[in-house]
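# Survey of secondary and tertiary structure
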Amino acid sequence: NGETAYHTSPGLRPATSHLSASERPSAAPSPAGNRGSGDLAEDRPASLVTPDMRLKALRTVRLVADVLELALRNAVQVKAKISRLDRTITGAEALLRLHLDLARNEMLQLEMLLTIGTFCGGIGAVIVGVFGMNLHSHIEDHPSMFYVVVLLTVMLLAVIFFSVWLFAHRRGLLK
């Protein structure tokens, strides 16, 4: 059948005697399904597989194993880098949310101050409206009463503004 069996005579040794038992080719023929698959050890009879071919196949297997090990190491490193980037992105998102919260709080405080100012301005408009109705109460005839009313209105508005501001500050609405 073209394959060489191992000889038991003391003077004759097979060409693969330097290989370990697990590396030696078997004397049994390969299954018919494996013929023509391209593997050196299975496509050729045992006598045609030289030690150089076995050594070359062993080196190829070791090279493939080294390449796979390197690919695995690279995959682990990439996973570690991705984890670090994920933590960095999560931290950056948290910091961005804090900055946005701070800006929103500052805008709310400004809105609160403007609302207090508008409230006080509305009260001043009511006072001016009352004195501007052209009613005759003889107060308008007094030469300095205009200045007294303006000064009292401004002082009242300032007291109201600072009272509301102090109330909002104590309640934690303004800082």
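Refer to the structure above for everything that follows.
First, a word on what this report is: a plain description of the structure on this page. In this text, all values refer to a predicted model and were calculated from it rather than measured experimentally.

## Observations concerning the overall build of the chain
- Along its length, the chain carries three helices and zero strands.
- When the elements of the chain are put in sequence order from the N terminus, they spell out α-α-α.
- For the chain, the residues scored as buried account for 10% of the 175 residues in total.
- Put simply, 58% of the contacts in the chain that link residues at least 6 apart link residues at least 24 apart.
- When the accessible surface of the chain is summed, it comes to about 14,200 Å², and 67% of that surface belongs to carbon and sulfur atoms.

## Here we look at the packing of aromatic side chains
- One pass over the full model with this rule turns up two aromatic pairs.
- Both rings, one in Phe146 and one in Tyr147, keep their centres 5.5 Å apart while their planes meet at 75°; by these two values the pair is edge-to-face.
- In this structure Phe146 comes out as exposed when scored by relative accessible area, which is 59%.
- When its relative accessible area of 59% is taken as the criterion, Tyr147 is described as exposed.

## With respect to the packing of helix H2 (residues 51-131) against helix H3 (residues 145-170)
- Relative orientation of the contacting elements H2 and H3 amounts to 155°, with a least axis distance of 9 Å. In terms of their interaxial angle, H2 and H3 are classed as roughly antiparallel. As for the relative orientation of H2 and H3, their crossing is right-handed in sense. On H3, the residues touching Leu113, Ile116, Gly117, Phe119, Cys120, Ile123, Gly124, Ile127 and Phe131 of H2 are Val149, Thr153, Leu156, Leu157, Ile160, Phe161, Val164 and Trp165.
- A breakdown of the residues in the contact of H2 with H3 according to their chemical character gives 14 nonpolar, three polar and no charged.

The rules behind these values
Residues numbered from 1 in each chain as written. Predicted model: local features only at pLDDT ≥ 70, side-chain atom pairs only at ≥ 80, totals over all residues. Heavy atoms only, no water. Helix = DSSP H or I, 4+ residues; strand = E, 2+ residues; numbered from the N terminus. Buried < 20%, exposed > 50% of the residue type's maximum accessible area, 1.4 Å probe, protein only. Contact = heavy atoms within 4.5 Å. Areas by Shrake-Rupley, 256 points an atom, 1.4 Å probe, with all protein chains shown as cover. Phe/Tyr/Trp six-rings, centres within 6.5 Å; stacked < 30°, edge-to-face > 60°. Axes fitted to C-alpha atoms, helices over the stretch in contact; angles between N-to-C directions. Parallel < 35°, antiparallel > 145°, perpendicular 65-115°, else oblique. Left-handed = near helix turned anticlockwise from the far one by under 90°. Nonpolar A, V, L, I, M, F, W, Y, C, P; charged D, E, K, R; others polar.

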